[in-house]
Amino acid sequence: MTAAALLAGLLSVPSASSAASLSSPSSAPPPPPPPSASPAIPPSTHACAAATQRCEGQISVPLDWGDPGSERIDVAFAWVPRKGATSTVLANPGGPLPALPLLPMLEKTVDRQNLLVVEPRGLGKSSPLSCPELDLNRTETIAACAEHVGARGRFFTTDQAVADMDAVRKALGVPEVTFYGISYGTLFAQAYAARFPESTAGVFLDSLVPVGRGGYAVEPIRARTDLLDLTCRSSRDCGATWSALVRRLRDRPDPAISLKVLWSLLPRLVEPVFGRELNAAATAYLRGDPLPLRRLAGVAAAAPVPPLRGPQFAGMLAYKCGDAKFPFGRDASAAERRRRLDRFYAAKRPLRPFTVAEVGGMTGWADWCVHWPTPRKNPPVPPRADHPDVPTATVAGDYDTHTPAEVARYFPHGSLLRVAGGGHSTTLSVPCAREALRAFLADPGELPRSCDARTYRPIAAFPRTAGDLPAAGGLDRRVVAAFATAADAVIRRDPGSGSYRALKEEAGLRGGKLVFDDKAATIRLEEVSFVRDVAVSGQIVLAPDGTATARLTAGGDEVTLSWPAFRPLDPVPVSGTFGGRPFTARIPV
């Protein structure tokens with residue numbers, strides 16, 4: 001996940017001091033006393049089992065499920081029974097973040113079946129771990145947090161959390177569940193299915209966290225240059241072009257495009273603006289036209305990045321460091337881990353064509369987990385455990401953390417739905433992926449092989465003049481220039497272009513200004529030059545059905561345009577008028 005996505009979820013998390021007080025319906029009595037020393041909790045021991053509407057509560061569980069007499073901790077949950085449901089869905093939205101703040105979103109997604117959401121231990125309302133001074137970019141605070149949490153921190157891991165989830169299931173008297181996991185929730189789902197196959201009715205995984213041979217999560221360390229191939233329209237290899245671009249900027253630094261900012265453009269390929277333009281912008285830069293790439297880099301550099309600090313990150317560290325395999329031993333000291341990780345970076349160059357130093361000196365969790373002890377052997381999925389023989393499905397977007405092809409290799413069970421053009425957690429945002437989930441939950445079976453989330457076609461090149469634009473039959477080049485300028489403006493209001501949505505205005509590529517008014521659904525063009533010899537002014541209106549209409553002047557001549565926006569079309573059907581005369585045309589992207 002991105003830093004912004006992580007913090008968006010954390011903002012709504014209660015503080016540690018308030019975590020002990022958990023609201024329940026006024027009609028429900030207090031939670032029952034802790035169970036006996038036996039780890040098995042009898043069926044229907046919680047008042048929420050009799051609820052007919054959403055009921056929130058908590059149960060008490062052992063800190064260490066291997067030692068039923070160990071310290072007790074509280075685990076919170078929400079139970080949403082539904083009339084006419086044919087199954088019960090145990091859902092986790094990933095992170096690992098507190099799950100209960102995302103309950104309203106999960107209720108909308110899983111809208112026809114019983115829904116159970118258990119807050120993972122160590123997060124949110126479930127006995128949260130907390131380190132007030134924690135800042136992931138200051139490694140000394142990670143070591144201090146680990147010391148503050150102490151030996152009990154080793155038990156805030158997936159193998160223990162899924163035992164909590166099963167205890168809640170038993171307390172509610174639910175015989176079996178279909179586990180719906182998103183992102184890190186897919187690790188919980190795989191661990192639950194392997195450890196509690198008798199209570200697993202099905203498994204649905206959206207944005208897989210793969211498990212390696214030893215049962216630990218696979219934590220990828222790489223630059224996503226492979227994503228460039230998804231929108232490559234060049235006769236050259238786009239990865240090779242990118243490597244040449246890195247070498248150019250390394251040899252001749254550009255103050256407008258640092259290598260760190262260039263690296264940050266790769267994960268943004270999931271956003272329509274970057275996916276549509278980045279390959280063409282890289283080629284243009286190498287051919288002496290730096291403006292398209294500088295424009296993208298400027299937006300990326302200015303995008304807000306919330307700081308990776310806060311007490312709640314303690315729980316996330318416990319999971320991410322305890323559950324995954326890194327290029328160092330679990331029992332190694334911090335100093336030895338650092339040496340092994342640096343040797344790995346030097347030998348493998350996982351971020352090639354970049355170096356780790358060029359992107360800020362750290363890759364993320366591997367560097368942070370150097371300072372978090374992991375003395376316990378706790379693979380989320382027991383080694384050599386079989387996936388249960390139950391209906392299973394996975395969903396992967398083209399731009400996901402792991403591609404559909406990688407997911408198929410890591411998890412060759414059940415059916416796989418590829419979301420073309422999709423990113424992370426598509427069942428929450430892409431209608432066809434969400435409907436596939438709902439159909440599976442109602443009647444588990446084969447998923448469709450793909451659904452399409454694409455809203456654009458990538459451009460092949462950035463023209464410098466109107467004469468460089470692709471021909472559109474006998475259409476006047478000023479009309480083609482007006483359309484290219486308008487299409488360049490409209491893609492910046494695509495709902496998927498998160499880096500752009502906050503912008504209220506932007507300079508035109510080669511001059512002028514764009515002004516965005518999302519409330520009125522308009523874009524105003526003020527002498528905007530997409531190509532340097534035609535300036536375009538006027539207004540574009542975006543209709544709710546996705547139709548864009550524009551009334552413009554291009555080089556002093558009046559042009560009106562109407563076309564279907566946010567659709568992967570090439571050429572694009574366009575109708576309008578030029579000089580008062582109507583026309584229809586198909587204009588190449």
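Structure first, text after, so check above.
So, here's what we can say about the structure. (Residues numbered from 1 in each chain as written. Predicted model: local features only at pLDDT ≥ 70, side-chain atom pairs only at ≥ 80, totals over all residues. Heavy atoms only, no water.)

1. Re helix α8 (residues 272-286)
- Under the 1.5 Å per step criterion, the end-to-end length of α8 is 22 Å for 15 residues, consistent within 8% with the ideal 21 Å.
- The largest bend in α8 comes to about 45°, at L278.
- α8 sits mainly inside the fold: 14 of its 15 residues count as buried.
- Phi for G288, located one or two positions after α8, is positive at around 95°. (Helix = DSSP H or I, 4+ residues; strand = E, 2+ residues; numbered from the N terminus. Expected span 1.5 Å × (residues − 1). Bend = angle between axes of the 7 residues up to and from the residue. Buried < 20%, exposed > 50% of the residue type's maximum accessible area, 1.4 Å probe, protein only.)

2. Quick word on the pairing of strand β5 (residues 177-182)
- Burial runs high along β5: six of the six residues are buried.
- The side-chain alternation of β5 yields two buried faces, one formed by V177, F179 and G181 and the other by T178, Y180 and I182.
- Strand direction decides the pairing type here: strand β3 (residues 88-92) and β5, joined by four bridges, are parallel. Paired with A91 across the two strands is Y180, which belongs to β5.
- Pairing analysis gives six bridges linking β5 to strand β6 (residues 200-206), with the strands arranged parallel. (Pairing = 2+ DSSP bridges.)

3. Regarding the layout of surface pockets
- By volume, the second largest pocket amounts to about 480 Å³.
- Lining the second largest pocket are 29 residues, with R276, I459, F483, A487 and V589 sitting closest to its centre.
- Of all the secondary-structure elements, those providing two or more residues to the lining of the second largest pocket are α15 (477-490) and β17 (557-564).
- Of the residues forming the lining of the second largest pocket, the biggest block, five residues, is contributed by α15.
- Of the residues assigned to the lining of the second largest pocket, the class counts are 24 nonpolar, one polar and four charged. (1 Å grid on protein atoms, 1.4 Å probe; cavity = no way out; pocket = protein on both sides within 12 Å on 5 of 7 lines; lining within 4 Å. Points joined across faces, edges and corners; volume = space filled by probe spheres on them. Nonpolar A, V, L, I, M, F, W, Y, C, P; charged D, E, K, R; others polar.)

4. Examining the packing of aromatic side chains
- In this structure the tally under the stated criterion is 12 aromatic pairs.
- With a centroid separation of 4.9 Å and an interplanar angle of 90°, the aromatic rings of W365 and W368 are classed as edge-to-face. Of this pair, W365 and W368 both sit in helix α12 (residues 365-369), three residues apart, which is roughly one turn of the helix.
- Look at W368 and you get buried, because its relative accessible area is 8%.
- What links up through ring pairs into an aromatic cluster is the set F179, Y192 and F196.
- Just above the ring of F516 sits the side chain of R493; from NZ or CZ to the centre is 4.2 Å. (Phe/Tyr/Trp six-rings, centres within 6.5 Å; stacked < 30°, edge-to-face > 60°. Lys NZ or Arg CZ within 6 Å of the ring centre and 35° of its normal.)

Functional significance is not addressed by these values, which are geometric in nature.
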